[in-house]
Every structure is written in C-alpha cells, then in structure tokens.
Amino acid sequence: MSTLTRSEVVHILRNKTGGLLTEEQIQYKTGLVEQILELKESMNALILGHNYMKPGLFYTVPDYCGDSLDLCRKAAQTDKDYIVFCGVRFMAETAKLLNPDKIVLLPSQKAGCSLAAGITAEDVKTLRKQYPGVPVVTYVNTYADVKAESDICCTSSNAAAVVDSLNSDTVIFLPDEYLAINIAKETGRQIVFPTKNGQSGKHKDTDLDVQMIGWKARCEVHEKFTVDDIKQVRKQFPDTYVLAHPECSPEVVAASDYSGSTNQMIKAVEESDAQQYLLLTECAMGDNIAAMHPEKEMLRLCSVRCPHMNEITLEDTLAALQNKQYQIDIPTDIAQRARRAVERMIAIG
Ligand code: 13P
Ligand code: SF4
C-alpha cells in the first residue's frame, strides 16, 4: 500500500467513495494519505483497518483490512515496530496483547464499543462463583480485564467452533445477548440470562442442565435492525439477498438469507449472483462493498453508523503516527491472562 502514487490515491478517492467528495476534498485527503504513507514507511509501522472504516481510509492507508479475527491474526504475525489500529479500542488492545513489546496506537480515545462497555471483570467473577467449573467464552468485543477472567475468546466468525471445542455440557458466553442466542441456536443449546446480581430467575446456581449462560449487553448498531426492515425492502425488491451480522436479533437473523462476520458477509456477496443485497450491519461496510462490486446493487439502511468506528479519520490516523498517540497500555498481570484467552482462540484456527 505504501507504494501508492499520488495519482493512484486521487483515483481511489474519486472512484471508491460514492462520488461524494468535492475536488477540493479529494486534494485535501490525498495530502493526508501521502503523509500517512510516508510516516508509515519511515516509522516501520503496520496499519490495520477494520471493515467498518469509511472508503476514503479503507482503500488507502491500511496494509490489511478485515474482520476482528483476521486482524488479530495479522497483528500476531507482524514484525513491524508500530501497529496503528484503525478500529476500536478492544481491537487495539487485542493487538497489544499479541505484541506486548510493540507500540500499538489507537487514533481516537473515543473509539469504544457498547458491547465492551456492557460487562466488567467483576461481573465475570460473579458468574464464575455462581457457576463453578463452567468454562467462560468471551467475545473479542470486550476489554482486556474481562478477557483476563475468561478461558477463551471468540469472534463472530468462529464463535460456534470455539463453543464446540470446549466439549463442555454448559458454557458461559459473554457479553452479547443476541450473538449468544444465535450461537446457542447454531450449537443446539438452551440459554438462560442471569441478572446483574448473579441470579438467573427460574434457574438456581446448581441448575447446570442449561447449556449456555448469556449476558444482556448489545451492539447499539445491530440491535436497531428489525424484521420489518427486511419485509419493507423485500416488498419492493423481492429477490434481495439479505445478510445480517450475528449481533442482530435472532428474529432478524432468522429472516435473513445469510449471517456471518464482516469478512464472511463480504465473501457471501462476492459468491452470490443476486442482483440486490441488503446488508444489516454498519453502513460504511456497504459503501466499501459497493466500491468493490459496482455491478451489484447494495441496498442499505444507511443511517446506522457505528459512532465509535466513525471516530477514526485520516486526520486522527496521521496525528497518531506524528505524535505516537494514543498508546495502548495493559497492566502485565491482566495482559498475561488475557493473552492466554486470545491465543487459545487463535490456536483453534
Ligand atoms: P467482525 O468480527 O465480524 O468484523 O465484527 C466486529 C464488530 O464489531 C461487529 O460489530
Ligand atoms: Fe461495538 Fe457495535 Fe460498533 Fe461493532 S458496531 S464496534 S459491536 S458498537
């Protein structure tokens, strides 16, 4: 990527951003991209970009773009001195866990995640007391201190495989309510949701006949999609191929044609010969796929933008490299335990 010439950058910004940029904006952004690419080279830095980055960033500065699992793997393999993570905090933390000796930079301090904010390490400890001996799987969308209390992590692309790999009758699966229900369904398990004070309603502490214990955090983006959205679109475009991220409600996933991680959805669009597609996920990804496949018609409910991913801009990415900010720092005892949970997941393949 660092070999992009000025005219190649201009071409990308003109042709892959939906025709929304003025000539002045294209010249301004090209200047930012050039500076980022020069610094990336001179600092021996790697830039990772999540699939939810806007096209002007997605197509220009990252060495690799991908879903959470893919980017974990890329972070684990790098020999660069710096990793700049164009994504959200939990992703940058995961990169740091896998590269304790490297400097990991997150371009904005505001790039959080409603799922990661929805559970604490204390919550996990309480659940462990309530369900002794039951393995804990945490979605990678959590902070390092929560991962440190877990046995293994998972992402949306490997959650069912991770649960199955434990060979355990009962599994605690945290913190996404909808992902847990979707994975319980996929792996043929019943699910209960304990309340914050550690009670699970009709199930007592010893009721280990339940096969999955969940938690009620949600993605503030994916919880907004409804079955009605799908019906409305299908009324107008009956043959639309509907793809939903598994952080959507189980009803939305059931009404869709395909559900998978962001990479898996990109692949599903590539492999399908449908004329129209409805993507029920963060809307920048629809823009990125539309630019990849101009021949395919992407129908999106485009008001749904992740406010955390939206924080990452070309300006902040440049400032991250210039000022070596914002460095991810994880206390050693937490990092050691959290790393084990992430590495166990990566080993599953
Ligand atoms: P993926 O792992 O599918 O890229 O999802 C990350 C995420 O934050 C979805 O909202
Ligand atoms: Fe978190 Fe949802 Fe944003 Fe993904 S889209 S980073 S799960 S808030």
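Predicted model only: the values in this text are computed from it and were never measured. Throughout, residues of each chain are indexed from 1 in the direction in which the sequence is written. Chains carry letters from A onward and ligands carry numbers from 1 onward, assigned in written order. Residue-level local features of this predicted model are given only where pLDDT is at least 70; pairs of side-chain atoms are given and counted only at 80 or more, and the full residue set underlies all totals for whole chains, interfaces and linings. As a rule here, side-chain values cover all heavy atoms of the structure and leave hydrogens and water aside.

Enquirer: I tried to follow the site of ligand 2 on my own but got confused; where do I start?
Expert: A molecule or strand has a residue near it when one of that residue's heavy atoms lies within 4 Å. With respect to spatial proximity, the complete set of residues near ligand 2 consists of Tyr52, Cys113, Ser114, Leu115, Asn141, Cys219, Val221, Glu247, Cys306, His308 and Met309. In this analysis the probe radius is 1.4 Å and the grid spacing 1 Å, with only protein atoms considered; a cavity is a set of points the probe fits into but cannot get out of, a pocket is an open set with protein on both sides within 12 Å along at least five of seven lines, and lining residues have an atom within 4 Å of a point. Whether a molecule lies in a cavity or pocket depends on its atoms, and more than half of them have to be within 2 Å of the grid points. In this structure, ligand 2 is accommodated by the largest cavity. Classification convention: Asp, Glu, Lys, Arg as charged; Ala, Val, Leu, Ile, Met, Phe, Trp, Tyr, Cys, Pro as nonpolar; all other residues, Gly among them, as polar. For the shell around ligand 2, the residue count by class is seven nonpolar, three polar and one charged.

Enquirer: Can you help me understand the site of ligand 1 in this one?
Expert: In the region of ligand 1, the neighbouring residues are His50, Tyr52, Asp67, Ser68, Asn141, Ser156, His222, His245, Glu247, Ser261 and Thr262. Pairs of N or O atoms within 3.5 Å make up the polar contacts considered here, provided that, within protein, one atom can donate a hydrogen while the other can accept it, and that residues adjacent in sequence are counted only when both atoms are side-chain atoms. In the model, an oxygen atom of ligand 1 is placed 3.4 Å from a nitrogen or oxygen of the Tyr52 side chain. Between an oxygen atom of ligand 1 and a side-chain N or O atom of Ser68, the distance comes to 2.7 Å. Accessible surface is estimated by sampling points in the Shrake-Rupley manner with a 1.4 Å probe; for residues, cover comes only from the protein chains shown. Protein contacts shield 96% of the accessible area of ligand 1, which totals 300 Å² for the unbound molecule. Of the pockets mapped on this structure, ligand 1 occupies the largest cavity. For the shell around ligand 1, the class distribution of residues is one nonpolar, eight polar and two charged.

Enquirer: Help me out: how do you make sense of the packing of helix α1 (residues 6-15) against helix α2 (residues 23-42) in this one?
Expert: For any two helices packed against each other, the geometry is given by the interaxial angle and the distance between the axes. Only the stretch in contact is used when a helix axis is fitted, and all axes are lines through C-alpha atoms; the angle between N-to-C directions ranges over 0 to 180 degrees. Comment: elements are numbered from the N terminus, with helices defined as DSSP H or I runs of at least four residues and strands as E runs of at least two. Relative orientation of the contacting elements α1 and α2 amounts to 130 degrees, with a least axis distance of 9 Å. For the element pair α1 / α2, the angle class is oblique. With respect to the hand of their crossing, α1 and α2 are arranged in right-handed fashion. Two secondary-structure elements touch here, α1 through Arg6, Val9, Val10, Leu13 and Arg14 and α2 through Glu23, Ile26, Gln27, Lys29, Thr30, Gly31, Val33 and Glu34. In terms of residue class, the contact of α1 with α2 is made up of five nonpolar, three polar and five charged. Our angle categories are set so that under 35 degrees counts as roughly parallel, over 145 as roughly antiparallel, 65 to 115 as roughly perpendicular, and the remainder as oblique. When the near helix sits turned anticlockwise from the far one by under a right angle, the crossing is termed left-handed; a clockwise turn instead gives a right-handed crossing. What makes two residues a contact is simply this: any of their non-hydrogen atoms within 4.5 Å.

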